[in-house]
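# An overview of the molecular structure
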Amino acid sequence: MQTQDTSNPSRHGIRRAILALLALLLLGVAALMWWWDTEPALFDPVAVTQVRMQELKRPVSTGAATTVTLITSVRTLLDKRGGYLSNDKLPPGVLMDNIPNWEFGSLTASRDLVRALRNDFSRSQTQSTEDKDLAEADPLLNSPNDRWLLPSSESQYRKAIRHLDGYLARLGDADDSNAHFYARADNLADYLQLASSRLGSLSQRLSASVGQIRVGDVASADEPAAAGTAAAPGGGRLVKTPWTKIDDNFYEARGYTWTLLEQLKAFQRDFGPILRSKHADVSLEQVIRELEEAQRPLHSPMVLNGSPFGFFANHSLVMANYVSRANAALIDLRELLRRG
């Protein structure tokens, strides 16, 4: 006796259509993740500054390259492929972590520079009045990097860009009450001290990808979230980055060094005379060369974490090497700037 198929063909068709749509959706999300997971290209600070000052119909005055580089770095952060991802709450952005960590590293360098502009570069002495636009841009650029509710991170950073544009428009004006930029050796040395501390921290965190025995005070503000510690034989503490944080540290270092590299190229233009008078221009060029090496393309679909002398590469240790060498050259540069 034959049994009749009581299933509804239309229901099977609807089910297949839903599955096909889900597959297309997943494919689209994967394609967007691949497309957005790209670090932005470097730009030429001097060329960008010349174009910008031509638009403003002003000469390229001292400080213009540094200011334009800061503006361009933040704008790149917001307008790169995929836009700003750190505060995304929906796919594909919420599923990505490489570029958001790159964004945080880049944002850290931009925050450092806007603070230096506000407190040091734009003021002749500590008793001088701070610039009104920089006083607004600094807290705006230091807004939380993952805020999606109004005001969102992007809106705050775009407001900061508008204030930096205002400072740039007034820079170099003959009016003494307008914006100023003091390209002094002590101002530059103070900023490079902060950059050196950042590079030192990044180098330690990158080196901890394979475990590192440290003696003395190993706790720092950024280590608890990035690395675990345990007692090591013979004294000291073994600091090792959890495998889930290895690529986070790597891309944060890539973002910070990308932005710092652009800033140092701008300093070549704005601090050129003082660098040459201190015979420090070659040392700055060496730092730039090391950071350029740190920006070489990653020809791997993922950040590998092989043992130090193992069969597979360890991209974190390679990055730590370039960062450490750049930091060593930066220390030499600071010493030259501080000499009378």
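Residues numbered from 1 in each chain as written. Predicted model: local features only at pLDDT ≥ 70, side-chain atom pairs only at ≥ 80, totals over all residues. Heavy atoms only, no water.

### Side note on the overall build of the protein
- A tally of helices and strands in the protein yields 12 helices and 3 strands.
- In the protein, buried positions account for 46% of the 340 residues.
- Sequence-distant contacts, at least 24 apart, represent 74% of the contacts inside the protein between residues at least 6 apart.
- Carbon and sulfur atoms make up 57% of the accessible area of the protein, which amounts to about 17,700 Å² in all. (Helix = DSSP H or I, 4+ residues; strand = E, 2+ residues; numbered from the N terminus. Buried < 20%, exposed > 50% of the residue type's maximum accessible area, 1.4 Å probe, protein only. Contact = heavy atoms within 4.5 Å. Areas by Shrake-Rupley, 256 points an atom, 1.4 Å probe, with all protein chains shown as cover.)

### Points about the UniProt feature "transmembrane region" (unreviewed entry) in the protein
- Within the UniProt annotation, "transmembrane region" (unreviewed entry) is assigned to residues 17–36.
- Here residues 17–36 is 100% helix and 0% strand, with 28 Å between the C-alpha atoms at its ends. (UniProt positions renumbered as here; feature names shortened; annotations may be inferred.)

### Observations concerning the environment of Arg289
- With respect to the element layout, Arg289 can be found in helix α11 (residues 281–294).
- Sequence separation between Arg289 and Tyr322 is 33 residues, and the spatial gap between their C-alpha atoms is 9.6 Å.

### Thoughts on the pattern of salt bridges
- In this structure the tally under the stated criterion is 20 salt bridges.
- The residue Asp165 makes a salt bridge to Arg52 at a minimum N-O spacing of 3.5 Å. Here the residue Asp165 occupies a position in helix α6 (residues 153–170), and Arg52 occupies one in helix α2 (residues 45–56), the gap between them amounting to 113 residues.
- Across the pair Arg325 and Glu290 runs a salt bridge whose closest N-O atoms are separated by 3.2 Å. One end of the pair, Arg325, is in helix α12 (residues 315–338); the other, Glu290, is in helix α11, with 35 residues separating them in the sequence.
- The exposure class assigned to Arg325 is partly exposed, which follows from its relative accessible area of 41%.
- Several salt bridges share partner residues, and in doing so they unite Arg52, Glu55, Arg75 and Asp165 into one network. (Salt bridge = Lys/Arg side-chain N within 4 Å of Asp/Glu carboxyl O.)

### Remarks on the layout of surface pockets
- Its boundaries defined by the atoms lining it, the second largest pocket holds a volume of some 380 Å³.
- What lines the second largest pocket is a set of 13 residues, and nearest its centre among them are Asp37, Thr38, Glu39, Tyr251 and Leu298.
- At the level of secondary structure, the elements contributing two or more residues to the lining of the second largest pocket comprise α4 (98–121) and α9 (246–270).
- Each residue belonging to the lining of the second largest pocket can be placed in one class, and the counts come to 6 nonpolar, 3 polar and 4 charged.
- A domain split of the lining of the second largest pocket shows at least three residues from each of domain 1 (41–181) and domain 2 (183–216 + 226–339). (1 Å grid on protein atoms, 1.4 Å probe; cavity = no way out; pocket = protein on both sides within 12 Å on 5 of 7 lines; lining within 4 Å. Points joined across faces, edges and corners; volume = space filled by probe spheres on them. Nonpolar A, V, L, I, M, F, W, Y, C, P; charged D, E, K, R; others polar. Domains from an automatic or database assignment.)

### Quick notes on the nonpolar core
- Core analysis: the largest hydrophobic core is formed by 69 residues, its most contacted members being Phe121, Leu264, Leu275, Leu333 and Leu337.
- The set of elements that each furnish at least two residues to this core consists of α3 (64–79), α4, α5 (132–141), α6, α7 (185–207), α9, α11 and α12. (Core = buried A, V, L, I, M, F, W, Y, C linked by side-chain atoms within 4.5 Å.)

### A few points about unusual backbone geometry
- Cis geometry marks the peptide bond from Pro91 to Pro92; its omega dihedral reads 0°.
- Mapped onto the fold, Pro92 is located in the loop between α3 and α4.
- Look at the link from Leu150 to Pro151: it is a cis peptide, with omega at -5°.
- Along the chain, the position of Pro151 falls in the loop between α5 and α6.

### With respect to the confidence of the model for the protein
- The predicted model of the protein has a mean per-residue pLDDT of 88, with 87% of residues at 70 or higher.
- Mean pLDDT values over the elements of the protein span from 46, in helix α8 (residues 223–226), up to 97, in α3.
- Across residues 221–226 the pLDDT falls below 50, and counting only partners more than four positions away or on other chains, this stretch makes 10 contacts in the model. (pLDDT = per-residue confidence, 0-100.)

### Quick word on the side chain of Lys278
- Residue position: Lys278 is located in the loop between α10 (272–277) and α11.
- In this structure Lys278 is buried but unpaired, with Asp186 as the nearest side chain of opposite charge at 8.8 Å.
- Here Arg339 takes part through its backbone oxygen, which lies 2.3 Å from a polar atom of the side chain of Lys278. (Lys, Arg positive; Asp, Glu negative; His and termini not counted. Polar contact = N/O pair within 3.5 Å; in protein donor to acceptor, adjacent residues only side chain to side chain.)

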